[in-house]
There are 2 protein chains.
Amino acid sequence: MSDAEPASGAAQTPGELPADPFADPVYREAIIDLLGGLAYGELTAFSRLAGDAELAPTLDGKAALARMAVTEFGHYERISARLRDLGIEPHAAMDPFVVPFDAFHDRTRPTGWLEGLVKAYVGDGIATDFYREISAYVDPATQNLVRSVLQDVGQAEFAVKAVREAIAADPRIAGRLALWGRRLVGEALSQAQRVAVERDALASLLVGGHNRPGADLAELGRMFARLTDEHTRRMDRLGLSA
Amino acid sequence: MSDAEPASGAAQTPGELPADPFADPVYREAIIDLLGGLAYGELTAFSRLAGDAELAPTLDGKAALARMAVTEFGHYERISARLRDLGIEPHAAMDPFVVPFDAFHDRTRPTGWLEGLVKAYVGDGIATDFYREISAYVDPATQNLVRSVLQDVGQAEFAVKAVREAIAADPRIAGRLALWGRRLVGEALSQAQRVAVERDALASLLVGGHNRPGADLAELGRMFARLTDEHTRRMDRLGLSA
């Protein structure tokens, strides 16, 4: 199954990754988790955008959202190919993430078009920022793949325009959507915590392993501050208070 | 708006299309209808397959159906490009088909995974056969486009395998699914009739226009017999009586 069996356990200079980080089985497991979570995220993003397309009030909006869904599926295919290169079937890598991701989506099912757009923009925004932070701690090939699939497929501009127009037409909806945004963050944090507890290897990417450097407590604090700031900035762009 | 204004009204040899059939405004309107209906059909096929993907019992099934949805969207994009070449926005060409197609889908909403697969295979099968029949009466460029987007994206094999396996595991479901197949055909015919009545130009593709040949009554009869035979063959492949 594996093309990267553990080889040596030589101590490394702190601050950089070993020459072949995949020689460390914990690192390999962590990357498979990272890519598995990302793959399932892309697959659910596909489903969600396709579902939002059905709610779109115009045919052009429908086609635009379907096009974004298709781009997300392309990302899924690239991550799947990489997982197969690492000797694991995509479904096996995605499996541990099905329950927490589905729980998040079940608890944050949009009741309409605008809630769907806020969720796509705000929810994916937080996930994207988080993956980008974590990608600072991985090998260059994984980093390139992760960063390239995180590119915005056009939801941001689409959502901001539609939500701002809707608020301009009826300012009363801003309060309800702001509450919705807060609920999304709460549910995302609760599921992320669950993943962090259950997936030791993945968590070790961030906090470091026995021969890999990670973030210290001060850096973790700065990371959470960055995630929060970016979330506030997105809510602000939508015309909503965070 | 148009890149194919009416030019001459010269009489044509019966049995073949004029050299520039788009010079006839009724022909141009008919092709825009044909492509508009096909485009909206592809867009709804995308949505339906994406929705079926969510119902899939395995992650591999989910990805397989999402992949088919993506292929259908690629067809939509090609038809849209051709509509723009003909000087019309895709949403305008699709507009007349939204009500009848949505009515069909609202009345045949699958209540589960297997009904969704039967609908994808049997419903798309009839639509595909019908478009292929009509493509005998159009110019070569339109014919090539229509026939290329009608290619099966893999649903057939996928649906046949899953439905046969399900019937093998529980033979009682065959009766319910056979009834479902008959209901699909009934609803499809009722909406097709509505389209034929409302869209004169489109109907004239089949029955002929003032300087275009069409099918005579005997040929129309043979066409319906072919459509029925193919439907029966598909139900049979699923292990269902038509």
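Within each chain, residues carry numbers counting from 1 in the order of the written sequence. As they are written, the chains are lettered A onward and the ligands numbered 1 onward, keeping that order. Local features are withheld for residues below a pLDDT of 70 in this predicted model, meaning they are given only at 70 or higher, and side-chain atom pairs are given and counted only at 80 or more; totals for whole chains, interfaces and linings count all residues. Computation of side-chain values covers all heavy atoms of the structure but excludes hydrogens and water.

Quick word on the interface of chain A and chain B
Size of an interface: often given as the accessible area lost when the parts come together.
Right, so step 1: Residue contacts are counted whenever heavy atoms from the two residues lie within 4.5 Å of one another. At the junction of the two partners, chain A supplies 21 residues and chain B supplies 21 residues.
Right, so step 2: By salt bridge we mean one thing: a side-chain nitrogen of Lys or Arg within 4 Å of a carboxyl oxygen of Asp or Glu. The interface formed by chain A and chain B includes 2 salt bridges.
Right, so step 3: Between Glu77 of chain A and Arg67 of chain B there is a salt bridge, with the nearest N and O atoms lying 2.6 Å from each other.
Right, so step 4: Looking at which element gives the most residues to the side of chain A that touches chain B, the answer is helix α2 (residues 59-85) of chain A, with 11 residues.
Right, so step 5: Here the residues of the side of chain A that touches chain B are counted per class, giving 13 nonpolar, 2 polar and 6 charged. We count a stretch as a helix when DSSP gives it H or I for four or more residues in a row; a strand needs E for two or more, and each element gets its number in order from the N terminus. Only Asp, Glu, Lys and Arg are considered charged, only Ala, Val, Leu, Ile, Met, Phe, Trp, Tyr, Cys and Pro nonpolar, and every remaining residue, Gly among them, polar.

A few points about the packing of α2 of chain A against helix α1 (residues 25-55) of chain B
Helix-helix packing is described using two parameters, namely the angle between the two axes and the distance between the axes.
Right, so step 1: As a rule, the C-alpha atoms of each element are fitted with a line to give its axis, helices using only the stretch in contact, and angles between N-to-C directions run from 0 to 180 degrees. Relative orientation of the contacting elements α2 of chain A and α1 of chain B amounts to 50 degrees, with a least axis distance of 11 Å. Taken together, the axis directions place α2 of chain A and α1 of chain B in an arrangement best described as oblique. As for how α2 of chain A packs across α1 of chain B, the hand of that crossing is left-handed. Here Leu59, Lys62, Ala63, Ala66, Ala69 and Val70 of chain A of α2 of chain A lie close against α1 of chain B, whose contacting residues are Tyr40, Leu43, Phe46 and Ser47 of chain B.
Right, so step 2: When the residues that make up the contact of α2 of chain A with α1 of chain B are grouped by side-chain class, the tally is 8 nonpolar, 1 polar and 1 charged. To sort the angles, those under 35 degrees are grouped as roughly parallel, those over 145 as roughly antiparallel, those from 65 to 115 as roughly perpendicular, and the leftovers as oblique. By the definition used in this description, the sense in which the near helix is turned from the far one sets the handedness, with an anticlockwise turn below a right angle giving left-handed and a clockwise turn giving right-handed.

As for the packing of aromatic side chains
Right, so step 1: In this scheme Phe, Tyr and Trp rings, the latter by its six-membered ring, pair at centre separations within 6.5 Å, and the angle between planes marks the pair as stacked below 30 degrees, edge-to-face above 60, and tilted otherwise. Throughout the structure, instances matching the rule amount to 15 aromatic pairs over all chains.
Right, so step 2: With 5.2 Å between their ring centres and 75 degrees between their planes, Phe22 of chain B and Tyr27 of chain B make a pair best called edge-to-face.
Right, so step 3: Each member of the aromatic cluster is reached from another via a ring pair, and the members are Phe46, Phe73 and Tyr76 of chain A together with Phe46, Phe73 and Tyr76 of chain B.

Here's the deal with the environment of Pro21 of chain A
All names here are of chain A.
Right, so step 1: Note that Pro21 resides in the segment before α1 (25-55).
Right, so step 2: Pro21 sits in the buried class, given a relative accessible area of 6%.
Right, so step 3: When the C-alpha positions of Pro21 and Asn211 are compared, they lie 9.5 Å apart, and in sequence the two are 190 residues distant.
Right, so step 4: With near-sequence residues (within four places) excluded, Pro21 lies in contact with Tyr27 and Asp139. Any residue under 20% of the maximum accessible area for its type is buried, any over 50% is exposed, and the rest in between are partly exposed; the area is computed with a 1.4 Å probe on protein chains only.

Quick word on the relation of the copies chain A and chain B
Right, so step 1: Mapping chain A onto chain B calls for a screw motion: a turn of 180 degrees about the axis and a shift of 0.0 Å along it, with 0.0 Å RMSD after fitting. In the structure described here, the two chain copies are related by an operation that fits a two-fold rotation axis. When C-alpha distances to the rotation axis are compared across chain A, the minimum falls at Val70 of chain A, with a value of 2.8 Å.
Right, so step 2: With an isologous cut-off of 70% or more, the 100% of interface residues of chain A that recur at the interface of chain B puts this contact in the isologous class. To superpose the copies, least squares is applied to the C-alpha atoms of every residue with a pLDDT of at least 70 in both.

Some points on the confidence of the model for chain A
Detailed reading of the predicted coordinates is not advisable wherever pLDDT falls low.
Residue and element names in this part refer to chain A.
Right, so step 1: When the pLDDT values of chain A are averaged, the result is 87; 93% of them are 70 or greater.
Right, so step 2: Here pLDDT means the predictor's own confidence in every residue, given as a number from 0 to 100. Below pLDDT 50 for its whole length, residues 1-14 participates in 18 contacts with residues either more than four positions away or in separate chains.
Right, so step 3: Taken over the whole predicted complex, pTM reads 0.81, whereas the ipTM for its chain interfaces reads 0.77.

A look at the side chain of Glu133 of chain A
Right, so step 1: Tracing the chain through its elements places Glu133 of chain A in helix α4 (residues 113-134).
Right, so step 2: Excluding its chain neighbours within four sequence positions, the residues that come into contact with Glu133 of chain A are Met223, Arg226 and Leu227 of chain A.

Considerations on the pattern of salt bridges
Right, so step 1: Within the structure shown, the criterion is met by 28 salt bridges over all chains.
Right, so step 2: A salt bridge links Glu115 of chain A to Arg176 of chain A, with the nearest nitrogen and oxygen atoms 3.2 Å apart. Here Arg176 of chain A lies in helix α7 (residues 173-198) and Glu115 of chain A lies in helix α4, a separation of 61 residues in the sequence.
Right, so step 3: Since its relative accessible area comes to 9%, Glu115 of chain A is described here as buried.
Right, so step 4: In this structure, Asp124 of chain B and Arg48 of chain B form a salt bridge, with 3.0 Å as the shortest nitrogen-oxygen distance.

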